[in-house]
2 protein chains.
Amino acid sequence: MDNPPLPAGARRATIVTLSRVAGVAPSTVSRALKGDTRISPETRARIGRLAKELGYTPHASARTLSSGRSGLIGLVIGASSNPFYTELLHEAVRQAAPLGMRLLIIHAGPGPIENSTADALLQYQVDGCLMTSVELPSHAAAICAANGVPVVMVNRVARMNSSAVTCDNLFGAAQLARLLLEQGRRRLAVVRTSASSSTGKERERGFLERVSEWGREPPLLFDGRSTYEGGYEMAQRIADLPPAQRPEAVFAVSDIMAFGVLDGFRLRGVRVPQDIAVVGFDGLPAAARPCYDLTTVEQPLQAMIGRALGMLQARIGNPSLPDETASLRGRLLMRGSAAMAAPHPAGSAFGSPAAG
Amino acid sequence: MDNPPLPAGARRATIVTLSRVAGVAPSTVSRALKGDTRISPETRARIGRLAKELGYTPHASARTLSSGRSGLIGLVIGASSNPFYTELLHEAVRQAAPLGMRLLIIHAGPGPIENSTADALLQYQVDGCLMTSVELPSHAAAICAANGVPVVMVNRVARMNSSAVTCDNLFGAAQLARLLLEQGRRRLAVVRTSASSSTGKERERGFLERVSEWGREPPLLFDGRSTYEGGYEMAQRIADLPPAQRPEAVFAVSDIMAFGVLDGFRLRGVRVPQDIAVVGFDGLPAAARPCYDLTTVEQPLQAMIGRALGMLQARIGNPSLPDETASLRGRLLMRGSAAMAAPHPAGSAFGSPAAG
DNA sequence: TTCTTTTGCGCGAACGTTTGCGCACACGAG
DNA sequence: CTCGTGTGCGCAAACGTTCGCGCAAAAGAA
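All of these numbers come straight from a predicted model, not from anything done at the bench.

**Focus: the protein's contact with DNA strand D**
And step 1. The environment of DNA strand D is made up of 29 residues, and the closest members are Ile-15, Ser-30 and Ser-66 of chain A together with Thr-28 and Thr-43 of chain B.
And step 2. In DNA strand D, atoms within 4 Å of the protein come from the sugar-phosphate backbone in 55% of cases.
And step 3. The side chain of Arg-31 of chain A places a nitrogen or oxygen atom 2.8 Å from a base oxygen of DNA strand D.
And step 4. Those elements that place two or more of their residues in the surface near DNA strand D are helix 1 (15-22), helix 2 (26-33) and helix 4 (60-67) of chain A together with helix 2 (26-33) and helix 4 (60-67) of chain B.
And step 5. The dominant element in the surface near DNA strand D, judged by the number of residues it contributes, is helix 4 of chain A, at 4 residues.
And step 6. Tallied by class, residues from the surface near DNA strand D come to 9 nonpolar, 13 polar and 7 charged.

Written out as structure tokens, the structure is:
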């Protein structure tokens, strides 16, 4: 037909534009661009060149509409108060891009997901969903399950209808326990977190089990919120204990809590590691700061995200794949907060701060 | 035609499904659902009810394709090392949802935006773009400009073809300067950041101007990276100064740098605020921690994001709107790190930590 | 030559929404 | 009875891709 090739308005080039210029059918262009071998190599090359020249960029919405694949991964992320989630988000973005996946933020922050927000999962036809929220994202998970959207939990144990990848919390916590036990530290304590966090529970259990394996008395337990402030408050409580009851080492189930514990101790004049050793879990970059110098277990974030995205991809390709759980071992980072005996002459921020 | 109303496969309800059940045309359903007054109130109500019953959820891709509106806001965000960006992201997500906007992460992290990543802006037809990256996102900005996608920079001065909303950096920094000057602090210092950050430059300038207005000698300048470590290193440098040359107060141009400065001082036994006062800028939640207790200017993040999204909305509705820059005043948070004379008896973490 | 097979590509119908235009019907005015 | 004038809704053409078929032409087999 002889309708004008370009509608005058400076529109973006589409597959149809390309097809007209190349003198082929739109379907051919579509196939050529995705390297379909049914199209001859020459034609493919020619169309590829043309696409570049005309600055062709595919319209994701059209692809989504037609194929049902959006290339979008829904992201449900927890409170901003724990930097771990920020690290996680950044790593996910970094790794998703080269895989042709984009992240659509469904929810960020504390609190449950509103229904209206969860609907975005459907509206935008996300291909999969990454969840890291502490609060059980029930409604969102239900939507995903009902619509065959694969879900991978990261740093959370799997719920119904979802896969999961976590750090090996039991092993990691056991490593920490062993470190402290080998140092001969007697009375131990765990600053743990209230109910909801599966991760925290696992870490606590891993620690307790190892201690009991060694036949030692069970650690004291302190329940705090899963925040810096939670750790800070528990540190006060520990410092308030009569000296005879004070633990010789504290395991805070997350680095952010450990930071609070360390600062709380410092404020109270409790010296770390001389008076009390402190260990955490997560391997946040900030744990390496001289003022914390925190012994911790580093979650293998890069590998975890890689695994999570891989699981997602696999399930997007084959929805009938069964759910799966992977737990990856983290690395023990030994630092000053749980050093033996004499503090480092330099590099440790825990000497007496005022004029010595 | 008499094709079966439901194709047996459990597909989601669409507008066509609704139209068949309601016995009206699809166009009527579309209009009814968005409250078009040309449709009678009864019909609207009826269709609304039906939509609920059948669990209708619109397909964003179809809407995008047809109307050119995706409801997506592209998000370009800087390095994870500064928690401010995390706060910003969370606030943006929180405020965007009720406005029917979703955030598509185009880029997160340090480093420039790859071209392939920036293409997502076009592929997903984002309606607008929020940018907070330190690195000038040139390619992405160019794409937006070329395609009429409105851009709002947050916490950055506007570049060509973009609007911006910032905290009033000059005013805020001037407030800090005034506070220190009024306390009679003489030798001042600025821990500033290397070239690229417009925000940092403004804060520095605001501070210097106010100092010079008072006719005082210009502050010492220390160039550090815009990170915790940058501040930490500069604190060492300051502590290394011979006592006579040491400043009496330090303005770190961001809270994260101020944290580094504070920890650096603590490690070196420099007491804050007795020996040196420290002030920051941003108002991070962590600045309130007892171990920092940092005097700072709080960016009105909520208002800033509200304004940014508003600008975006306005420009999406009317693309010919000229670029605009808003700068909102922050609140001075006076805390212990720049307190006068005697340190707080309690609540300040800066008393002598060992048994007093 | 004729019959199959391969290779290379085109046809056309989806996918679900939006939107400009226009049509019927009711109602009041002339 | 006719003529506007609204009101309330339907028609149908987009939007840009994908994908199941199917059809030519070339290549090989009989």
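**Some remarks on the relation of the copies chain B and chain A**
And step 1. Between chain B and chain A, which share one sequence, the superposing operator has a rotation angle of 180 degrees and an axial displacement of 0.0 Å; the RMSD is 0.2 Å. Those values place the two copies in the arrangement expected of a two-fold rotation axis.
And step 2. Looking at the interface residues of chain B, 98% of them are also at the interface in chain A, so both copies use one shared face.

**Topic: the sheet that holds strand 8 (residues 249-252) of chain A**
All names here are of chain A.
And step 1. Taken in spatial order, the 4 strands make up an open sheet running 7-6-8-9, and their pairing is parallel. Looking along the sheet, the strands with just one partner apiece sit at the ends: strand 7 (220-224) and strand 9 (277-279). Neighbour-to-neighbour, the strand axes of this sheet turn through a mean angle of 20 degrees, independent of strand direction.
And step 2. Against the sheet, helix 11 (residues 228-240) contacts strand 6 (188-193), strand 7 and strand 8, and its axis sits at roughly 140 degrees relative to strand 7.

**With respect to the packing of aromatic side chains**
All names here are of chain A.
And step 1. Under the definition given, this model contains 8 aromatic pairs over all chains.
And step 2. Considering the side-chain rings of Phe-207 and Phe-251, the 4.8 Å spacing of their centres and the 25 degrees angle between planes classify their relative orientation as stacked. Placement of Phe-207 in helix 10 (residues 198-213) and of Phe-251 in strand 8 is noted, with a sequence separation of 44 residues between them.
And step 3. Residue Phe-251 is classed as buried on the basis of its relative accessible area of 0%.
And step 4. Here Tyr-228 and Tyr-232 contribute two aromatic rings whose centre-to-centre distance is 6.2 Å and whose plane-to-plane angle is 20 degrees, an arrangement assigned as stacked. Remark: Tyr-232 and Tyr-228 occur in helix 11; sequence separation between them is 4 residues, near one turn of the helix. Judged on exposure class, the residue Tyr-228 and its partner Tyr-232 are both buried.
And step 5. For the cation-ring pair, Arg-329 lies above Phe-171, with the distance from its terminal atom to the ring centre recorded as 3.6 Å.

**Thoughts on the interface of chain B and chain A**
And step 1. Facing 54 residues of chain B, the contacting portion of chain A comprises 54 residues.
And step 2. For the pair chain B and chain A, the summed buried surface comes to about 4,600 Å²; carbon and sulfur atoms form 62% of the total.
And step 3. Taken together, the links from chain B to chain A amount to 0 salt bridges.
And step 4. Along the contact surface separating chain B from chain A lie 15 residue pairs in polar contact (both at pLDDT 80 or more).
And step 5. Broken down by secondary-structure element, the contributors of at least two residues to the side of chain B that touches chain A are helix 4, strand 1 (72-77), helix 5 (83-96), strand 2 (102-108), helix 6 (115-118), helix 7 (120-123), helix 11 (228-240) and helix 12 (255-268) of chain B.
And step 6. Looking at side-chain class alone, the side of chain B that touches chain A contains 27 nonpolar, 19 polar and 8 charged residues.

**A few points about the domain arrangement of chain A**
Residues and elements named next belong to chain A.
And step 1. On domain assignment, one finds that chain A holds domain 1 (15-58), domain 2 (67-168 + 301-330) and domain 3 (169-298 + 333-338).
And step 2. Measuring from the centre of the C-alpha atoms in domain 2 to the corresponding centre in domain 3 gives 29 Å.
And step 3. On the domain 3 side, the residues contacting the 14 residues of domain 2 number 19 residues.
And step 4. Taken together, both faces of the contact between domain 2 and domain 3 bury some 1,300 Å²; the carbon and sulfur share is 54%.
And step 5. Taken as a group, Val-157, Asp-168 and Gly-330 account for 30% of the area that domain 2 buries against domain 3, more than any other trio of residues on that side.
And step 6. Between domain 2 and domain 3 we count 0 salt bridges in total.
And step 7. Our count for the domain 2 to domain 3 interface comes out at 7 residue pairs in polar contact (both at pLDDT 80 or more).
And step 8. Of all the elements in the fold, those that place two or more residues in the side of domain 2 that touches domain 3 are helix 5 (83-96) and strand 5 (163-167).
And step 9. Sort the elements by how many residues they give to the side of domain 2 that touches domain 3 and helix 5 lands first, with 3 residues.
And step 10. Of the residues contributing to the side of domain 2 that touches domain 3, the split by class is 5 nonpolar, 5 polar and 4 charged.

**Brief notes about the pattern of salt bridges**
All names here are of chain B.
And step 1. Counted under the stated rule, the structure contains 34 salt bridges over all chains.
And step 2. For the salt bridge of Arg-192 with Glu-204, the shortest nitrogen-to-oxygen distance reads 2.6 Å. Here Arg-192, found in strand 6 (residues 188-193), pairs with Glu-204, found in helix 10 (residues 198-213); they are 12 residues apart in sequence, far enough to count as distant.
And step 3. Taking the relative accessible area as the measure of exposure, Glu-204 reaches 7% and is therefore buried.
And step 4. Here Glu-298 ties to Arg-331 by a salt bridge, and the two come within 2.9 Å at their closest N and O atoms. Of this pair, Glu-298 sits in strand 10 (residues 296-298) while Arg-331 is found in strand 12 (residues 331-333), placing the two residues 33 residues apart along the sequence.
And step 5. Taking the relative accessible area as the measure of exposure, Glu-298 reaches 25% and is therefore partly exposed.

What counts, and where the lines are drawn
Residues numbered from 1 in each chain as written. Chains lettered and ligands numbered in written order. Predicted model: local features only at pLDDT ≥ 70, side-chain atom pairs only at ≥ 80, totals over all residues. Heavy atoms only, no water. Near = heavy atom within 4 Å. Polar contact = N/O pair within 3.5 Å; in protein donor to acceptor, adjacent residues only side chain to side chain. Helix = DSSP H or I, 4+ residues; strand = E, 2+ residues; numbered from the N terminus. Nonpolar A, V, L, I, M, F, W, Y, C, P; charged D, E, K, R; others polar. Least-squares fit on C-alpha atoms with pLDDT ≥ 70 in both. Contact = heavy atoms within 4.5 Å. Pairing = 2+ DSSP bridges. Axes fitted to C-alpha atoms, helices over the stretch in contact; angles between N-to-C directions. Phe/Tyr/Trp six-rings, centres within 6.5 Å; stacked < 30°, edge-to-face > 60°. Buried < 20%, exposed > 50% of the residue type's maximum accessible area, 1.4 Å probe, protein only. Lys NZ or Arg CZ within 6 Å of the ring centre and 35° of its normal. Buried area = accessible area lost by both parts, 1.4 Å probe. Salt bridge = Lys/Arg side-chain N within 4 Å of Asp/Glu carboxyl O. Domains from an automatic or database assignment.

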